[in-house]
Amino acid sequence: MSEARVPQTPEPEHLSNHHRSTLRQLFQHPVSHNIEWTAVVSLLEAVGSVTEQPHGKVAVVVGSQTEYFDPPVHKDIDTQAVVNLRRMLGGAGYGLESGRDGSTR
């Protein structure tokens with residue numbers, strides 16, 4: 001039986017220190033409540049694509065996944081956005097379990 005292949009995405013080593021820091025914040029436990037939307041958008045642009053949609057939504061494509069987000073009213077994202085981003089980034093091969101959380105080992 002062959003495993004399904006996840007589309008190739010950049011390794012954390014190719015991300016800036018700022019992007020790696022944001023990635024670590026997204027996957028830390030407990031959930032951080034001070035992750036800035038602008039930092040998240042910057043990370044997502046580095047690993048995928050971000051497109052502003054009509055009515056203020058933002059379409060994010062990472063690997064084969066597309067997710068739609070409402071930008072936060074304030075500068076920080078909420079807990080549900082963190083959960084959605086973890087699922088999306090984890091599905092694209094980023095996160096603690098994959099060893100692609102940006103940490104240096």
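Residues numbered from 1 in each chain as written. Predicted model: local features only at pLDDT ≥ 70, side-chain atom pairs only at ≥ 80, totals over all residues. Heavy atoms only, no water.

A. Broad picture of the overall build of the chain. Within the chain one finds 3 helices and 3 strands. Its helices and strands in sequence order give the chain the pattern α-α-β-β-β-α, from N to C terminus. When the 105 residues of the chain are sorted by exposure, 37% land in the buried category. Put simply, of all contacts in the chain between residues at least 6 apart along the chain, 54% involve residues at least 24 apart. With the model as given, the accessible surface of the chain reaches about 6,500 Å², and the carbon-plus-sulfur share is 51%. (Helix = DSSP H or I, 4+ residues; strand = E, 2+ residues; numbered from the N terminus. Buried < 20%, exposed > 50% of the residue type's maximum accessible area, 1.4 Å probe, protein only. Contact = heavy atoms within 4.5 Å. Areas by Shrake-Rupley, 256 points an atom, 1.4 Å probe, with all protein chains shown as cover.)

B. Geometry of the packing of aromatic side chains. With the rule as written, the count across this model stands at 1 aromatic pair. When the centroid spacing of 6.4 Å and the interplanar angle of 55 degrees are considered together, the rings of Trp37 and Phe69 count as tilted. Of the two residues, Trp37 sits in helix 2 (residues 37–47) while Phe69 sits in strand 3 (residues 65–69), which places them 32 residues apart along the sequence. (Phe/Tyr/Trp six-rings, centres within 6.5 Å; stacked < 30°, edge-to-face > 60°.)

C. Main features of the environment of Glu52. Position of Glu52 relative to the elements: it lies in strand 1 (residues 49–52). The exposure class of Glu52 is exposed, given its relative accessible area of 67%. C-alpha separation for the pair Glu52 and Tyr68, spaced 16 residues apart in sequence, amounts to 9.5 Å.

D. Geometry of the sheet that holds strand 3. What the 3 strands build is an open sheet, ordered 1-2-3; its pairing is antiparallel. Lying at the two open borders of the sheet, with one neighbouring strand each, are strand 1 and strand 3. Shown here is a sheet whose adjacent strand axes are inclined to one another by a mean of 20 degrees, direction ignored. Here strand 2 (residues 58–62) pairs with strand 3 via 5 bridges, running antiparallel. Paired with Val60 across the two strands is Glu67, which belongs to strand 3. Of the strands in this sheet, strand 2 and strand 3 touch helix 3 (residues 79–91), which is tilted by about 165 degrees from strand 3. (Pairing = 2+ DSSP bridges. Axes fitted to C-alpha atoms, helices over the stretch in contact; angles between N-to-C directions.)

E. Structural context of the packing of helix 1 (residues 17–27) against helix 2. Between helix 1 and helix 2, whose axes approach to 9 Å, the crossing angle comes to 110 degrees. On the basis of their axis angle, the class for helix 1 and helix 2 is roughly perpendicular. Only Ala39, Val40, Ser42, Leu43 and Ala46 of helix 2 make contact with helix 1, whose side of the interface consists of His18, His19, Thr22, Leu23 and Leu26. For the contact of helix 1 with helix 2, the class distribution of residues is 6 nonpolar, 4 polar and no charged. (Parallel < 35°, antiparallel > 145°, perpendicular 65-115°, else oblique. Nonpolar A, V, L, I, M, F, W, Y, C, P; charged D, E, K, R; others polar.)

F. Summary view of the packing of helix 1 against helix 3. Relative to each other, helix 1 and helix 3 sit at 115 degrees, their axes nearing to 9 Å. Taken together, the axes of helix 1 and helix 3 lie roughly perpendicular to each other. In terms of crossing hand, the pair formed by helix 1 and helix 3 is left-handed. Of the residues in helix 3, those in contact with Leu23, Leu26 and Phe27 of helix 1 are Val82, Leu85, Arg86, Leu89 and Gly90. The class makeup of the residues in the contact of helix 1 with helix 3 is 6 nonpolar, 1 polar and 1 charged. (Left-handed = near helix turned anticlockwise from the far one by under 90°.)

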